[in-house]
Amino acid sequence: MKPAHTKQVTSPQRRLPSMNMLRAFEAAARHESVTLAAQELHVTQSAVSHQIKALEAWLGVALVQRNGRGLGLTAEGAAYFPSLQSAFDQMASATARVQRQPRKNALSVNSMASLSAEWLIPQLASFCAEVPGVDVQLATTVHFTDFDPAAYDVSIRCFTDPELAALRQRAPWRSIQFGPFLPNILTPVCSPQLLRGGMPLATPEDLQNHTLLHSRSTALVWQDWLSAAGLPQLQAKHVVTFDHAHLAVQAAVQGMGIALGNPLQLQAELDSGLLHIPFPDLKLSDRTNYWIMAPQAAQNPHAVAFCEWLQRNGVNKPAV
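Overview of the structure.

Basis of the calculations
The residue count restarts for each chain, going from 1 along the sequence in the order it is written. Since the coordinates come from a predicted model, pLDDT governs what is reported: local features require at least 70, and pairs of side-chain atoms require 80 or more to be given and counted, while whole-chain, interface and lining totals use all residues. The basis for every side-chain value is the complete set of non-hydrogen atoms in the structure, without hydrogens or water. Salt bridge, as applied in this entry: a Lys or Arg side-chain nitrogen positioned within 4 Å of an Asp or Glu carboxyl oxygen. The way it works is that DSSP assigns letters per residue, a run of H or I at least four long becomes a helix, a run of E at least two long becomes a strand, and they are numbered from the N terminus. When a residue's accessible area, from a 1.4 Å probe over protein chains only, is under 20% of the maximum for its type it is buried; when over 50% it is exposed; and in between it is partly exposed. Contact criterion: two residues are considered in contact whenever any of their non-hydrogen atoms come within 4.5 Å of each other. A pair of strands is treated as paired once DSSP finds two or more bridges between them. Under this scheme, a helix contributes an axis fitted over its contacting stretch, all axes are lines through C-alpha atoms, and angles between N-to-C directions fall in the 0 to 180 degree range.

Now for the pattern of salt bridges. According to the stated counting rule, one finds four salt bridges in the structure shown. For the salt bridge of Glu26 with Arg30, the shortest nitrogen-to-oxygen distance reads 2.7 Å. Here Glu26 pairs with Arg30, and both are found in helix 1 (residues 19–31), just four residues apart, close to one helical turn. Take Glu26: its relative accessible area is 6%, and that puts it in the buried class. Between Glu130 and Arg312 there is a salt bridge whose closest N-O contact spans 2.1 Å. Taken together, the residues span a long stretch of sequence, with Glu130 in helix 5 (residues 113–130) and Arg312 in helix 11 (residues 301–313) at a distance of 182 residues. Since its relative accessible area comes to 44%, Glu130 is described here as partly exposed.

Looking at the secondary structure, you find Thr140 in strand 4 (residues 135–141). Residues Thr140 and Ser155, spaced 15 residues apart in sequence, show a C-alpha to C-alpha distance of 9.6 Å. With sequence-adjacent residues up to four places away left out, Thr140 is seen in contact with Asn110, Ser111, Ala113 and Ser116.

What follows concerns the sheet that holds strand 7 (residues 211–215). In space, the eight strands of this open sheet follow the order 4-3-5-10-6-9-7-8, with mixed pairing throughout. Where the open sheet ends on each side, the last strands, each with one partner, are strand 4 and strand 8 (238–242). Going across the sheet, the axis of each strand differs from the next one's by a mean of 25°, ignoring polarity. Relative to strand 8, strand 7 runs parallel, the two being bridged by five bridges.

Keep in mind these values describe shape, not function.
Okay, structure coming up:
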């Protein structure tokens, strides 16, 4: 028998569609692409489409419409999406808060794979020597902006100014501390062996006789670089695509072709002669790498020290 002072509360019945339906629609609406939503959710495109259609049938309204090769939202879909996105953001933040049981001397860091391989890992020993006793837990990811800023003590991401401004309008990001520390300058890089081959590489037009090394994140950036160089229609002799940008750079070191790289991240390879910059005056530089400190990490002296270390070892700029 329950004590007399105990009051039994009956929760209201919540009539909701399945989580799979909601996740598929939210991801597709956010990316404006079924293909990118499928990649994020690790399912097929047809599975995403099926879940969206099931959600539309459950609701009795159309949510999406095809817009050329992309995906657009109907009026109902556009009205539904912001609340759904906010709900997922809140669930992710709440889950991270209760899931993580941080160790006293642990520092969790999340970074993009290429920046980690080319810049962060080669310098990380200096931070560990500067702040002894801290256990760094480094995780890499392929998601640029679709991640929970509270899931790690410090995250590192690369943004344009408009992307950062848009992020800071989202509820989970309003109390986040940011600091720019390393410009993302992209320019073609190649092995000096390539310059000694039979095909010249004296002007950007010569790229049509070479192999361009792409990654999933730089395929469109290559097109931006070619457009900035005045060659938007240039077609390379061959294209080889890798999962990560640092793999494309490693292929360039081996003489396979020409990759896009950040000279600030590849200083060791450039100084040693493993890589060469054929067109040093032609660079894209509209993005900057930022450290992102989670709210709960602001009281963690290791997280604060790590962000300060990033700024000292990058390009020193004020935090925002």
